[in-house]
Amino acid sequence: MKRKRKIKFFALGGTIDKIYFDAMSKYQVGPPRIKEILEDARVGFKYEIKSLLQKDSLDMTDDDRSLVLKAVSNEPCDRIVITHGTDTMIQTAMVLKNIPKKTIVFTGAMEPASFKSSDASFNLGCAVAAVQTLASGVYIAMNGNIFNPENAIKSRTLKQFQKKY
């Protein structure tokens, strides 16, 4: 019997993990929601979750990206999913693009995972499928599509990622 590969999840924060406190949009980035989403889906693979940051991606710095680069580079697992805020996801993905022999998939959400209308579970599921089937490289899994970060843009109006033309 073939041994199943483990997937390593790195949580960086972003909208997927936001907790809102009032109608005036006061929020904080809470703990990762990955475990809850995976348990609800009753997944059949081994995984490990590590929270590296709890930040809105607009607040991420070059030092934060260096921390992510070091953690992913030093991770022995070769299948990695990173949850990240959507505003600077592409920028962080580009920092990791030269890591060899690993499949790295970024994903996030346009609405917090705690919202019924959130795309978090769908996007995380797409990222899990992508990380298990794609060749080594860095990708973005959002709104049912897989993107090369070099050719992706975020449309705030449409609340989705698109391919650059």
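It should be emphasised that the depicted structure is a prediction, and the values quoted were computed from it without experimental measurement.

## Things to note about the packing of aromatic side chains
- This model, assessed by the stated rule, comprises three aromatic pairs.
- Taking the centre distance of 6.0 Å and the plane angle of 65° together, the rings of phenylalanine 45 and tyrosine 47 count as edge-to-face.
- Taking relative accessible area as the criterion, phenylalanine 45 reaches 15% and is therefore assigned buried.
- A centroid spacing of 6.4 Å and a plane angle of 45° characterise the contact between phenylalanine 147 and phenylalanine 161, whose relative ring orientation is tilted. Taken together, the residues phenylalanine 147 in strand β8 (residues 145-147) and phenylalanine 161 in strand β10 (residues 160-163) connect sequence positions 14 residues apart.
- The buried category is assigned to phenylalanine 161, whose relative accessible area is 1%.
- An aromatic cluster is built from Phe9, Phe45 and Tyr47, whose rings are joined through pairwise contacts.

## Considerations on the side chain of asparagine 123
- In this fold, asparagine 123 is placed in helix α4 (residues 120-133).
- According to the relative accessible area criterion, asparagine 123 is buried, its value standing at 0%.
- Beyond its immediate stretch of four places on either side in the chain, asparagine 123 contacts Thr107, Gly108, Ala109, Ala141, Met142, Asn143 and Gly144.

Scoring rules and cut-offs
Residues numbered from 1 in each chain as written. Predicted model: local features only at pLDDT ≥ 70, side-chain atom pairs only at ≥ 80, totals over all residues. Heavy atoms only, no water. Phe/Tyr/Trp six-rings, centres within 6.5 Å; stacked < 30°, edge-to-face > 60°. Buried < 20%, exposed > 50% of the residue type's maximum accessible area, 1.4 Å probe, protein only. Helix = DSSP H or I, 4+ residues; strand = E, 2+ residues; numbered from the N terminus. Contact = heavy atoms within 4.5 Å.

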